[in-house]
Amino acid sequence: MAGAPPCASSAEVPAGAPDAEPRRGRPRSAAAERAILDAVIALLEAGEPLAGLSIERIARTAGVGKATIYRRWSGKEELFVDVVRDMEPTDPPLSGTAGLADLRVMLESLRTRGLAQRSSVLLVNIFAQMKSHPKLWEEYHGTVIAPRRVAMLEAVRRAVAAGELRDDLDVELIDDLFVGPMLVRTVHRPDAPLPDDLADRIITALLQGLAPAARV
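Residues numbered from 1 in each chain as written. Predicted model: local features only at pLDDT ≥ 70, side-chain atom pairs only at ≥ 80, totals over all residues. Heavy atoms only, no water.

Enquirer: Quick question: what am I supposed to make of the packing of aromatic side chains here?
Expert: Each aromatic ring pair is described using two quantities: the centre-to-centre distance and the angle formed by the ring planes. Overall, the coordinates contain three aromatic pairs when judged by the stated rule. Seen from their ring centres, Phe 127 and Tyr 140 are 5.5 Å apart, and the 80° between their planes marks the pair as edge-to-face. You can see Phe 127 sitting in helix H6 (residues 121-130) and its partner Tyr 140 sitting in helix H7 (residues 134-161), a full 13 residues away along the chain. In terms of burial, Phe 127 and Tyr 140 fall into one category: buried. An aromatic cluster is defined as three or more aromatic residues linked by ring pairs; in this entry it consists of Phe 127, Trp 137 and Tyr 140. (Phe/Tyr/Trp six-rings, centres within 6.5 Å; stacked < 30°, edge-to-face > 60°. Helix = DSSP H or I, 4+ residues; strand = E, 2+ residues; numbered from the N terminus. Buried < 20%, exposed > 50% of the residue type's maximum accessible area, 1.4 Å probe, protein only.)

Enquirer: Help me understand empty space enclosed by the protein, please; the structure alone is not making it clear to me.
Expert: Evaluated as defined, the whole model comprises one cavity of 30 Å³ or more. For the largest cavity, the calculated volume is near 30 Å³. If you go around the largest cavity, the residues you meet are Val 40, Leu 44, Leu 50, Phe 80, Val 83, Val 84, Ile 126, Met 130 and Leu 136. Contributions of two or more residues to the lining of the largest cavity are made by helix H1 (30-45), helix H4 (76-87) and H6. Examining the composition of the lining of the largest cavity, we find that three residues originate from one element, H4, more than from any other. (1 Å grid on protein atoms, 1.4 Å probe; cavity = no way out; pocket = protein on both sides within 12 Å on 5 of 7 lines; lining within 4 Å. Points joined across faces, edges and corners; volume = space filled by probe spheres on them.)

Enquirer: Please clarify how the nonpolar core should be interpreted in this entry.
Expert: Burial of nonpolar side chains together is a common tendency in soluble globular proteins. Val 40, Ile 58, Ile 69, Leu 79, Phe 80 and Met 130 are the most contacted members of the largest nonpolar core, which totals 28 residues. When residues in this core are grouped by element, the largest group, seven residues, is from H1. In this structure, Met 130 is in contact with Leu 50, Val 84, Leu 136, Trp 137 and Tyr 140, ignoring residues within four places of it in sequence. Membership of the second largest hydrophobic core comes to 22 residues, among which are Met 152, Ile 174, Met 182 and Ala 199. (Core = buried A, V, L, I, M, F, W, Y, C linked by side-chain atoms within 4.5 Å. Contact = heavy atoms within 4.5 Å.)

So, in structure tokens, the structure goes:
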């Protein structure tokens, strides 16, 4: 059409320019996301601190353009949280209808994540760095820890409704009583044992109570 601006050919677009990237709204590339996550992990394993990682460096290591990263993550904090999620064991599926059974699944998940962190020097290092970066820790807490706590509270409410737990206690207190012992073992006592039956032992101890059996 006369007067229409000429269209740039693909050869005229710089290889690394945003225009060379797929337009927003196109299906995400699982391969690109995997490359980006792997690039961050590789840089961290090489000794790069979280604070020193730039989007430019990550994109170059992953072999993608910066626009590819920004299309998936709003910034480094959101990306780093997904990297940690990728390194941790996957959250197990819940029935969504059971009470104590779902509580046990989540306690076991806490135990396995504790084991994973103990066996990974990189994860230990990442968490130590995250806690010194408030914005990053807030992102991790809001998108990972908080939803897990909500799921625990919902399971407690289901257990109360099913008559598996007392209905005269605050549900948040009940939740703390279940989660607390596992957090002490996995976070505050990194040298404490995490046996396979720990979740069951915690649940049994809470259900039976700590008072000595009445003497006949």
